[in-house]
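Now for the letters of each chain:
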Amino acid sequence: MWWDWNYAWSIVPELLRAIPITLAATLEGFVLACLLGLPMALAKRSQLRWLSWPVTAIAEFIRCTPLIIQLFFYYYALPSFGIVMSAMTTGVIGLGLHYSTYLAEVYRSGIDSVPRGQWEASRALNFSRGHTWLRIVLPQSVPPTIPVMGNYLIVMFKETPTLSAITLVELLTTAKNIGSQSFRYLEAFTLVGILFLIMSYPSAWLVRKLEVHLGRRERRAASHGR
Amino acid sequence: MQFVTPLLEGLKVNLEILVVSTLLAFLMAFLAGFGRLAKYRVVRGITLVYVEVFRGTSLLVQLFWMYFALPAMHVNVSAMAAAIIALGLNYGAYGSEVVRSCLLAVPKGQTEASIALNMTYPLRMRRIILPQAWRMMLPGFGNLQIELLKGTSLVYLITLADITYKGMILRSANISQQSLIFAWMLVIYFVVAYALVLLIRYFERRAAVGRG
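Note that the structure is a prediction, hence the values are computed from the model and not measured. (Residues numbered from 1 in each chain as written. Chains lettered and ligands numbered in written order. Predicted model: local features only at pLDDT ≥ 70, side-chain atom pairs only at ≥ 80, totals over all residues. Heavy atoms only, no water.)

A.B. asks: Any chance you could break down the overall build of chain B for me, citing the residues and the numbers?
C.D. replies: Summing up its helical and strand segments, chain B has 8 helices and 0 strands in all. Ordering the α and β elements of chain B from the N terminus gives α-α-α-α-α-α-α-α. Once the C-alpha set of chain B is aligned to its principal axes, its extents read approximately 70 × 45 × 20 Å. Within the span of chain B, comprising 212 residues, buried residues form 49% of the whole. (Helix = DSSP H or I, 4+ residues; strand = E, 2+ residues; numbered from the N terminus. Buried < 20%, exposed > 50% of the residue type's maximum accessible area, 1.4 Å probe, protein only.)

A.B. asks: Outline the UniProt feature "transmembrane region" (unreviewed entry) in chain A, supporting the account with residue identities and numerical values.
C.D. replies: Residue and element names in this part refer to chain A. UniProt tags residues 15–38, 81–99 and 185–207 as "transmembrane region" (unreviewed entry). End C-alpha atoms of residues 15–38 are separated by 35 Å, and the span's content is 100% helix alongside 0% strand. Within residues 81–99, the helical portion is 68% and the strand portion 0%, while the C-alpha atoms at the span's ends are 24 Å from each other. (UniProt positions renumbered as here; feature names shortened; annotations may be inferred.)

A.B. asks: Tell me about the pattern of salt bridges, and please be specific about residues and values.
C.D. replies: Summed over the entire model, instances satisfying the criterion amount to 9 salt bridges over all chains. With a shortest N-O distance of 3.0 Å, D112(A) and R45(A) are connected by a salt bridge. Of this pair, D112(A) sits in helix α4 (residues 87–112) while R45(A) sits in helix α1 (residues 5–45); the two residues are 67 residues apart in sequence, bridging distant segments of the chain. A relative accessible area of 48% places D112(A) in the partly exposed class. Linking E97(B) and R36(B) is a salt bridge whose minimum nitrogen-to-oxygen distance equals 2.9 Å. A residue pair is termed long-range when its members are at least 10 positions apart, and E97(B) in helix α4 (residues 79–105) and R36(B) in the loop between α1 (4–35) and α2 (41–56) qualify at 61 residues. (Salt bridge = Lys/Arg side-chain N within 4 Å of Asp/Glu carboxyl O.)

A.B. asks: Any details on unusual backbone geometry? Residues and values, ideally.
C.D. replies: In this structure, T167(A) takes a positive phi of about 70 degrees despite not being glycine. Turning to its location among the elements, T167(A) is positioned in the loop between α6 (129–159) and α7 (171–182).

A.B. asks: For the packing of aromatic side chains, give the residues involved together with the corresponding values.
C.D. replies: Following the criterion strictly, the structure yields 28 aromatic pairs over all chains and no others. For the pair F73(A) and Y74(A), a centre-to-centre distance of 6.4 Å together with 80 degrees between the ring planes defines the contact as edge-to-face. Look at Y74(A) and you get buried, because its relative accessible area is 15%. An angle of 75 degrees between the planes, with centres 5.3 Å apart, marks the rings of F64(B) and F68(B) as edge-to-face. Taken as a pair, F64(B) and F68(B) lie in helix α3 (residues 59–69) at a separation of 4 residues, close to a single helical turn. The exposure class of F68(B) is buried, given its relative accessible area of 19%. Here the aromatic residues F72(A), Y75(A), Y76(A), Y156(B) and F182(B) are joined through ring pairs into a cluster of three or more. Sitting above the plane of the Y76(A) ring, R171(B) keeps its charged end 4.1 Å from the centroid. (Phe/Tyr/Trp six-rings, centres within 6.5 Å; stacked < 30°, edge-to-face > 60°. Lys NZ or Arg CZ within 6 Å of the ring centre and 35° of its normal.)

A.B. asks: Can you break down the UniProt feature "domain: ABC transmembrane type-1" (unreviewed entry) in chain A residue by residue, with the values?
C.D. replies: UniProt annotation of "domain: ABC transmembrane type-1" (unreviewed entry) refers to residues 19–207 of chain A when read in the numbering used here. As annotated, residues 19–207 of chain A has a helix share of 82% and a strand share of 0%, and its two end C-alpha atoms lie 21 Å apart.

A.B. asks: An account of the packing of helix α2 (residues 49–64) of chain A against helix α8 (residues 178–208) of chain B is requested, with residue identities and associated values reported.
C.D. replies: It is at 9 Å that the axes of α2(A) and α8(B) come closest, and there the two elements cross at 95 degrees. Classed by the angle they form, the pair α2(A) and α8(B) counts as roughly perpendicular. On the side of α2(A), the interface is formed by E60(A), F61(A) and C64(A), while α8(B) contributes L186(B), V187(B), Y189(B), F190(B) and A193(B). Here the residues of the contact of α2(A) with α8(B) are counted per class, giving 7 nonpolar, no polar and 1 charged. (Axes fitted to C-alpha atoms, helices over the stretch in contact; angles between N-to-C directions. Parallel < 35°, antiparallel > 145°, perpendicular 65-115°, else oblique. Contact = heavy atoms within 4.5 Å. Nonpolar A, V, L, I, M, F, W, Y, C, P; charged D, E, K, R; others polar.)

A.B. asks: So what's going on with the environment of I169(B)? Which residues, and what values?
C.D. replies: All names here are of chain B. Along the chain, the position of I169 falls in helix α7 (residues 163–173). Judged by its relative accessible area of 44%, I169 is partly exposed. Considering only alpha carbons, one finds I169 and M66, 103 residues apart in sequence, at a separation of 25 Å.

A.B. asks: Run through the interface of chain A and chain B, naming residues and quoting values.
C.D. replies: Across the boundary between the two partners, chain A contributes 36 residues, which contact 36 residues of chain B. In this assembly, chain A packs against chain B so that about 3,300 Å² is buried in total across both faces, 76% of it on carbon and sulfur atoms. Summed over the three residues of chain A that lose the most area to chain B, namely W2(A), C64(A) and I69(A), the buried surface amounts to 18% of that side. Inspection of the chain A/chain B interface yields 0 salt bridges. (Buried area = accessible area lost by both parts, 1.4 Å probe.)

A.B. asks: Any details on the UniProt feature "domain: ABC transmembrane type-1" (unreviewed entry) in chain B? Residues and values, ideally.
C.D. replies: When the UniProt feature table is mapped to this numbering, "domain: ABC transmembrane type-1" (unreviewed entry) covers residues 11–200 of chain B. Counting secondary structure, residues 11–200 of chain B comes out at 81% helix and 0% strand; the distance between its end C-alpha atoms is 20 Å.

Structure, rendered in structure tokens:
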């Protein structure tokens, strides 16, 4: 028999103990990506060429190159410039920076989806720039982006095994360690897959629900002529 | 510049994996995309399980599973085959969502009109539905193609001698210049990604010819 149930059950607690690290890396990375994404989106939309051009180029570079090599760069090369970070910090920053370029695009599409008339009406009503952004544009551009951001949270969660490359002991590294102790990889890696599935599938379902809910609310608001 | 030649040597492995797994991903995307819309519940069920399993678990986990766990079931795959299968099946699952949503996005009137014109299912698909859906699929496929390219960097972790592997070897011999080596690796990936973007744009332009 290939699969040993007793052995599989015996390693479950050890795998479960690695979940908090995986979740912490995901959430911290996501918060960082959300925070960095907004100024990045604003800079990319800016009319100042000296600001929009370099930010666009850097974001494009980060987005088109693999996370794992970026992580190697931060983890192995930055110390020679005097910047030393733990594997966890490096992982969070690497993950956050990588996905901030994706979230910037999400924000940008949200901002661009606000009809021109809203800007023009704000100007006609003599609203200040800050007032226009905070009370008119952002409240309308945030809700449609929420499901997309939820999707990226799940994508980042599934990307955390990459952090094992810089020695962070998350789920996959734990499974690999268990496997190398007993030379049984099948149970450990299968369980990791199942754990990922049972965590990401309900989240994806929730995001879909939210999407439908927001779409319905939007339609209702539109039909009430708001 | 002395680092570029060995890195490009490693890049060949990545490009080989990129090409073959892209073909596999395309095949799986269309099979599963049509499967999700099939008449028979069994077919819909099987494709749904395939898509959700490969989208719900992580690519690196799948890569490790193919390489380290399959031998326990007496299925021995080479690292190269494991890489191609994992990347192909993973991005095939993502691609099937693109195929499915674009097939559904073709207006229903097109199907109704072609039925009214007495077209058979294959003819209807080939001449009416797919050409319109294909144009909508291209941006989605383009994004996935870049993700797949980035995904090839993970094969280093299952012992393949790819660009990352070559870079790590170079690094251990020239530790003082490691930042330069990593920078070159990133630049090489960016150049390949940019070439792919241009290629995809060319296809998008070509698909748009003669259509308003």
